[in-house]
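# Observations on the three-dimensional arrangement
Below, each chain spelled out in residue letters.
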Amino acid sequence: MILKVENVSQIYGAGTPTETIALKNINLEINEGEFIALIGHTGSGKSTLVQHLNGLIKATEGKIYYRGRCIYDDDFNMKELRSHVGLVFQYPEHQLFEEDVFKDVCFGPKNLGLSKEEIEKRAYAALKAVGLDESFYKSSPFELSGGQKRRAAIAGVLAMEPEVLILDEPTAGLDPLGRDEILDCIYKMYKEKGITIILVSHSMEDVAKYADRLIVMNKGEIAFDDTPHRVFKHYKELEKMGLAAPQVTYIMNRLKNEGFAVDTDMITVDEAADAIMNMMKLEKIND
Amino acid sequence: MIREITFGQYYAADSPIHRLDPRIKLFGTLIYIISLFVANNIVSYAVAALFLGIIIIISTVPVKFILKGLKPILFILLFSVAFNAVLTNGEHVLAKWGVFVISTEGLIRAAYMGARLIMLIMGSSLMTYTTTPNELTDGLEKSLGFLRKINIPVHEMAMMMSIALRFIPILIEETDKIMKAQMARGADFENGNIIHRVKSMVPLLIPLFVSAFRRASDLAMAMEARCYHGGEGRTKMKPLQYKRADYTGYIIVLVYFAVIIATRILFKNVLHF
Amino acid sequence: MNTFKNGCIMGIIKTSRLLYNYIKRDEEDNIEEVKRAVDYVDIDIKEGEFVAILGHNGSGKSTLAKHMNALLLPTEGTIWIDGRDSSVSENLLEIRKCAGMVFQNPDNQIIGTVVEEDVGFGLENIGVPTEQIWKNVNESLDMVGMNEYRKKSPNKLSGGQKQRVAIAGVVAMRPKCIVLDEPTAMLDPSGRKEVISTIKKLNREDNITIILITHYMEEVIEADRIIVMDEGNVVMEGVPSEIFSKVEKLKSLRLDVPQVTELAYELRKRGLPVKAGVLTIDELTDELKKIKAAGEHK
């Protein structure tokens, strides 16, 4: 277990008329090697929650443990925590500032006080991992395309070599190609480097495709925490929270209602295609 | 920290003061500030304080709220009061210590100075509390319209002001976000010596400027797309029109000013300076 | 419909061999780089149509859209908006009144500090009398369903609401046509739905021509026509079922298809005789029922 969230609540403006409860008694365990997707309606508290995980926001109540040590202890090194738990914000390209891409990626490791060699080694590795061509390393980050900028920014966090990488809607505002590139690169990091991933997303299709654990937030609380297959079965409850299941789930439920003999817990196109083919074959045999 | 400053904010309410035309409020504030400098004796000051007090009561803005506006200038206030108290030469010396002299005159002067500053801030913040930024800009644009004749781009300046007002909260939020994003990359904005701290602002300021420029260029395009082409031939959705209360307001302000001048002449020997 | 000088009829937006180059100059004003964004494009959009323009980033679709509002002027060729040539500078305001534009970032296109004032901004610019401004503002706020928020600060609204305010600001000018450049790219799913249903309503009920640029395929399946752009050219054009029957081609243009279309395509690939270009769950269900019925007959 890398991270443990224990009874965490976050209340803004306590005691004033504008009091808002952003998080309500959250309990969570995050284990090594998981690919977790975090979904929820805007304002459900998911962005607030991820900022607690690397200590950017301090909980009003409750505790968070990194490898068994409470991060709110006086002798706990926050900077070190942030290198272990990397957080990529929404539109991360808005944080680029150096004169060239390579220098920008070096910013994180430099803050960790590493040697020059180690800094550059990590920066190279990170840029390679996000698949940014070497010809861009020396160009200004502001001259890159939208998708490239975003990958450079992700490399900036990756260069700190985090054990857990949290990404807050990393594909927002990109075109389909840019979306696929980013997601593929995240999946590769998960597969090849064994980085634990927490992906905040609005796309149920992406969630279904990549995640093996799905956490649903609603009004500051955890509504579901299970495998995507099992969570998407509750698509009617998800709809009440302003969410939805992948379109495939709706297709399968519709088919079942229309009298086809199919299971409804398919969440990807491939699964659904296989299921429909099997059903059609079976029906032929039955005839 | 930025959020704590209440000076310049709007306090939503529906009082006669809130409903006044922004031009009379601007005029009234200006006259009030001038009157504070015209006042030179205890009676004038009492009149000024009474006038402010009545306006505050009518405005329904809580006094606590107005006093909070004084907090950011507390230091300047104390400093100038102390400065006046110890550096004024007077006949009735109470204490002396090197160049510092405390005299009765000095103390009176310091007290007046403090009262003047406090009333000045309270008076002008009362205007911003009771006038929305938009009304204020409209009022300024219209009141200063005559400056256009000498080629001062009044409309453009007012437009800039209202755009700034719209984007300040957005940029504050953005600053917060960028700061957190850089902290997630190990940046440290709090510790270290002054040089280190100034240097640590670079990763915050550059993205902030880039974003402000991007927003500015987006906004310019959006404005152009909506037929914006300067102040020429523009009409107003909410044109400023004087009502009866506004004329009464002008009369009250002028009467007040006359009273202040009268007290200055009549009571010039009562605790004056 | 407008009658063109030489008698032929043209739509609300028509381009003829439209070409646009982005020119990058160095410090001495010498041309450093020329990038062709729109490459001899001919399109003709009829009044009342709902046209979607697809294409990946850099395909030239945004550049084309900016011509429709005369924010950019063609390097070569001509664009007519409601019969008015954009290169004639006297036409500028009329063109912008006729073809309103909504942009991607909701924050960067709202000028007013109060919702209703923002909606009135365009009308103030073209010198509409105060009473008429209020009338138009009321109507357009009703049309996008934002009347109850009229006194709010735009900063307090959600992304979808902000975009609806931006749309209201355009609608208030009584345009014949609205060009929306990725209006949903920065929104969450519920915000996207809000904006799309608003757009559809304006098209159906008020007969406003809609030109929608987007990356989300599920937003275009109800369009009357889809135009796909790549490298500054129009590479595909047709009704949605036609366009989405070419899954392979769309993928090669680095575009997505809705999941139901992809599923139908996968089933076809695996030998099930599902028709190409399935766009809705209804269609797919019907197709499968037909296949099942045919199987039972045998």
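Below is a summary of the structure that appears in this document. All values derive from a computational prediction rather than experimental measurement.

### Examining the pairing of strand S13 (residues 233–238) of chain C
Residue and element names in this part refer to chain C. With five bridges connecting them, strand S12 (residues 225–230) and S13 associate as antiparallel partners. Bridging across to S13, Met 229 finds its partner in Val 234. Following S12, the chain reverses through two residues before pairing antiparallel with S13; Glu 231 in that reversal takes a positive phi of roughly 50°.

### Some points on the interface of chain B and chain C
Listed by partner, the interface residues are 28 residues for chain B and 39 residues for chain C. Interface of chain B and chain C: buried area, both sides summed, is about 2900 Å²; carbon and sulfur atoms make up 54% of it. By the criterion of area lost to chain C, the three top residues of chain B are Arg 166, Arg 226 and Met 237 of chain B, representing 32% of everything that side buries. At the junction of chain B and chain C, the tally comes to six salt bridges. Notably, a salt bridge pairs Arg 226 of chain B with Asp 118 of chain C, separated by 3.4 Å at the nearest N-O pair. The interface formed by chain B and chain C holds 19 residue pairs in polar contact (both at pLDDT 80 or more) in total. Those elements giving two or more residues to the side of chain B that touches chain C turn out to be helix H8 (154–184) and helix H10 (202–225) of chain B.

### Observations concerning the packing of aromatic side chains
Across all of its chains, the model carries 23 aromatic pairs over all chains by this definition. With a centroid separation of 5.2 Å and an interplanar angle of 75°, the aromatic rings of Tyr 235 of chain A and Tyr 250 of chain A are classed as edge-to-face. Highlighted residues: Tyr 235 of chain A in helix H9 (residues 235–240) and Tyr 250 of chain A in helix H10 (residues 247–257), separated in sequence by 15 residues. Classification of Tyr 235 of chain A as buried rests on a relative accessible area of 14%. Cluster of aromatic residues (ring-pair linked, three or more members): Phe 35, Tyr 187, Tyr 190 and Tyr 210 of chain A. For the cation-ring pair, Lys 58 of chain A lies above Tyr 72 of chain A, with the distance from its terminal atom to the ring centre recorded as 4.6 Å. The aromatic ring of Tyr 242 of chain B is capped on one face by Arg 23 of chain B, whose charged end is 4.0 Å from the ring centroid.

### Focus: the interface of chain B and chain A
Accessible area lost when the parts come together is the quantity often used to give the size of an interface. Each partner contributes residues to the interface: chain B has 17 residues there, and chain A has 21 residues. When chain B packs against chain A, close to 1700 Å² is buried across both sides, 63% of that on carbon and sulfur atoms. For the chain B face of the interface with chain A, the top three residues by lost area are Lys 180, Ala 184 and Arg 185 of chain B, together amounting to 42%. Across the chain B-chain A interface, the total number found is one salt bridge. Here the element with the most residues in the side of chain B that touches chain A is H8 of chain B; it accounts for seven residues. The residue inventory of the side of chain B that touches chain A, partitioned by class, reads 10 nonpolar, two polar and five charged.

How each quantity is defined
Residues numbered from 1 in each chain as written. Chains lettered and ligands numbered in written order. Predicted model: local features only at pLDDT ≥ 70, side-chain atom pairs only at ≥ 80, totals over all residues. Heavy atoms only, no water. Pairing = 2+ DSSP bridges. Helix = DSSP H or I, 4+ residues; strand = E, 2+ residues; numbered from the N terminus. Contact = heavy atoms within 4.5 Å. Buried area = accessible area lost by both parts, 1.4 Å probe. Salt bridge = Lys/Arg side-chain N within 4 Å of Asp/Glu carboxyl O. Polar contact = N/O pair within 3.5 Å; in protein donor to acceptor, adjacent residues only side chain to side chain. Phe/Tyr/Trp six-rings, centres within 6.5 Å; stacked < 30°, edge-to-face > 60°. Buried < 20%, exposed > 50% of the residue type's maximum accessible area, 1.4 Å probe, protein only. Lys NZ or Arg CZ within 6 Å of the ring centre and 35° of its normal. Nonpolar A, V, L, I, M, F, W, Y, C, P; charged D, E, K, R; others polar.

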